Amino acid sequence: MRILAIETSCDETALAIVDTSTNDHGEQVFTVLANHVLSQIDIHKEYGGVFPMLAKREHARTLVPLLIQTLQKAGMYKKTSRHVIEHPLRKEFQDILEREPELFGQFITEIPHIDPPAIDAIAVTQGPGLEPALWVGINFAKALSLVWKKPIIPINHMEGHLLGSVVEENTPDTLTLPQINFPAIGLLVSGGHTELVLVRSWGTYELIGETKDDAVGEAFDKVARMLGLPYPGGPEISRLGKEGKSGTYPLPRPMLHSKDYDFSFAGLKTAVLYLIKKIGTPSEQDKADIAREFEDACVDVLIAKTMRACEEFGARHIILGGGVSANALLRARFHDEAEAVHIPLSIPDHHLSTDNALMIAIAAGTHPDLRAQGELRARGNWRLTTA
Ligand code: KG4
Ligand code: ZN
C-alpha cells in the first residue's frame, strides 16, 4: 500500500510518501520514497515562539511546491496535457480551500496538470496541534482526495510520535516496525504536550497522565528565553547545561510525589524566574548551572512517573517520543533506568524525534482501514485514545 502523508500541526510543513509491506518475520516494513520537512523555525524565531496565524500562512504558501518536490523525489511527478480537474469539481474544491486563497491559487495552477500519482491513500494529521495550522493540511488533503479520488486516513499526531520512536532504520530508505511486547508505556514530550500513555497494542491507547499546565518543551523554551537564549530553547538549554553543575541552585521537582501520573511545569518555570531575579545579573556560569538544574528537575519528574507507571501496569516496553526526546540528558537517564529494570527502550533517531510526515505515514500504515468518518475537521486537543 502506498501512502502520501501530510503533517502541518505546528511549525513544520511536512510531506512523505511511503510503501508498506510485510517481511518474512511478519513485521511491517516501510519503504520511504520521499520525506520532506520544511521548518518554519527561522520565521518564528523573531517572535520567540510559534504564532498560529503565521504558521498557517506558511503552510498554505509552501504545501503545493513541497508536494511537487515530494512527487519528484518519489519519481511520481508527471505533467499531463489533459486537465485532471473536471469542471463541476472546481467549485467544490474552491469551497474546500476558500480560507486558503494562496493555496487555492497554487493548487489550481499546478495540480490539474499533474498525472494523478499511484497512491492508495492520503494520511493527514487531524490533531492535536494548532487548529489554524491543522486546517491547512486537512483542507489540502480533502482537495487532493477529491481530485485524485483517494481515501483520507486521519491520524493523531501523538500516535505518530509513538510509532516514530519504535520503528528501526535498516537503511536510510527502509524502516521496520519490530514486534514489541505489550503493554508498553509511552512518554511523549514535545512543545505542546507531556503525556504518559499506556499502549495495549498499536491502536489501543489509554492516556494515564498529562501536564496540568505547560508542556515540558514549552517550559524549556520559556526558561531559555529568561536566560536570553533564542527559540527553540530546548537545544540551547541542553548545550548550556553541559557546562553547568547540578545542585548549585536547587529547583523544585513539581508533583514528584503525587499519586497520579500528571505533571506540572509552570511552577518550575516561575521558580527559575525568581531565581534569576534573586541573582540579579547571572554570570555565564550561573546560567549554565541554572540550565543544568532545570534539566535535572524536568528529567527527575519525567523518569519517576514513567518508571512508576511501568511498575503499576507491568510494562514490557518503554517508548520515549516527541521533540524533547532529543535531549541528551533525558536519553541517557532513560537508557540507564530502563536497563536497570530490564525493560527494552525505544528512543527515536534524531530526525524522527521532531515533527515529520514519515511518522504520520507509519501510523496510517498500522491501521490503513481507518477511513475518515463524518466531517473531517481539525481537533486541536484531540486526545490519544483507542482509534
Ligand atoms: O515534537 P516537536 O518537534 O513539536 C511539537 O509537536 O511541539 O517538539 C518541539 C519541542 C520544542 O519545545 C523544543 O524546544 C524541544 O522540543 N526540544 C528540546 C530539544 N530539542 C528540541 N528540548 C530539550 N532538549 C532538546 N535537545
Ligand atoms: Zn510533535
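Residues numbered from 1 in each chain as written. Chains lettered and ligands numbered in written order. Predicted model: local features only at pLDDT ≥ 70, side-chain atom pairs only at ≥ 80, totals over all residues. Heavy atoms only, no water.

Asker: Where do I start with helix α8 (residues 233-241) in this structure?
Answerer: Helical periodicity: at 3.6 residues per turn, an α-helix aligns residues three or four positions apart in one direction. Counting buried positions along α8 yields seven of nine residues, so the element is predominantly enclosed. All of the buried residues in α8 are Gly233, Gly234, Glu236, Ile237, Ser238, Leu240 and Gly241. The elements touched by buried residues of α8 are α7 (216-226) and α10 (284-313). (Buried < 20%, exposed > 50% of the residue type's maximum accessible area, 1.4 Å probe, protein only. Helix = DSSP H or I, 4+ residues; strand = E, 2+ residues; numbered from the N terminus. Contact = heavy atoms within 4.5 Å.)

Asker: I tried to follow the domain arrangement of the protein on my own but got confused; where do I start?
Answerer: Interfaces are frequently sized by the accessible area removed from exposure as the parts join. On domain assignment, one finds that the protein holds domain 1 (2-162 + 354-365) and domain 2 (181-343). When each unit is reduced to the centre of its C-alpha atoms, the spacing between domain 1 and domain 2 is 31 Å. When domain 1 packs against domain 2, the two sides together hide about 1,200 Å² of surface, and 73% of this comes from carbon and sulfur. Taken as a group, Met158, His161 and Leu162 account for 49% of the area that domain 1 buries against domain 2, more than any other trio of residues on that side. Joining domain 1 to domain 2, the criterion identifies zero salt bridges. Taken together, the links from domain 1 to domain 2 amount to one residue pair in polar contact (both at pLDDT 80 or more). By residue number, the principal contributor to the side of domain 1 that touches domain 2 is helix α6 (residues 157-166), which donates four residues. (Domains from an automatic or database assignment. Buried area = accessible area lost by both parts, 1.4 Å probe. Salt bridge = Lys/Arg side-chain N within 4 Å of Asp/Glu carboxyl O. Polar contact = N/O pair within 3.5 Å; in protein donor to acceptor, adjacent residues only side chain to side chain.)

Asker: Whenever I open this one, the site of ligand 1 confuses me. Can you help?
Answerer: Residues in close proximity to ligand 1 total 20 residues, the closest being Gly191, Asp221, Gly234, Gly323 and Asn327. One of the side-chain N or O atoms of Asp221 is found 2.7 Å from an oxygen atom in ligand 1. Between ligand 1 and Gly323 there is a distance of 3.0 Å, counted from an oxygen atom to a backbone nitrogen or oxygen. Burial of ligand 1 by the protein amounts to 89% of the accessible area it has alone, namely 560 Å². (Near = heavy atom within 4 Å. Areas by Shrake-Rupley, 256 points an atom, 1.4 Å probe, with all protein chains shown as cover.)

Asker: What exactly am I supposed to notice about the packing of aromatic side chains here?
Answerer: How two aromatic rings sit relative to each other is set out by the distance from centre to centre and by the angle between their planes. Under the criterion given, the structure shown has five aromatic pairs. With centroids separated by 5.5 Å and ring planes inclined at 90°, the aromatic side chains of Phe182 and Trp202 adopt a geometry described as edge-to-face. Pair noted here: Phe182 is in the loop between β7 (174-177) and β8 (184-189) and Trp202 is in the loop between β9 (194-201) and β10 (204-210), with a separation of 20 residues, a long-range link. Measuring from centroid to centroid gives 6.2 Å for Phe263 and Phe265, while their planes differ by 15°, and the two rings are stacked. The pair formed by Phe263 and Phe265 is uniform in burial state, with each residue classed as buried. (Phe/Tyr/Trp six-rings, centres within 6.5 Å; stacked < 30°, edge-to-face > 60°.)

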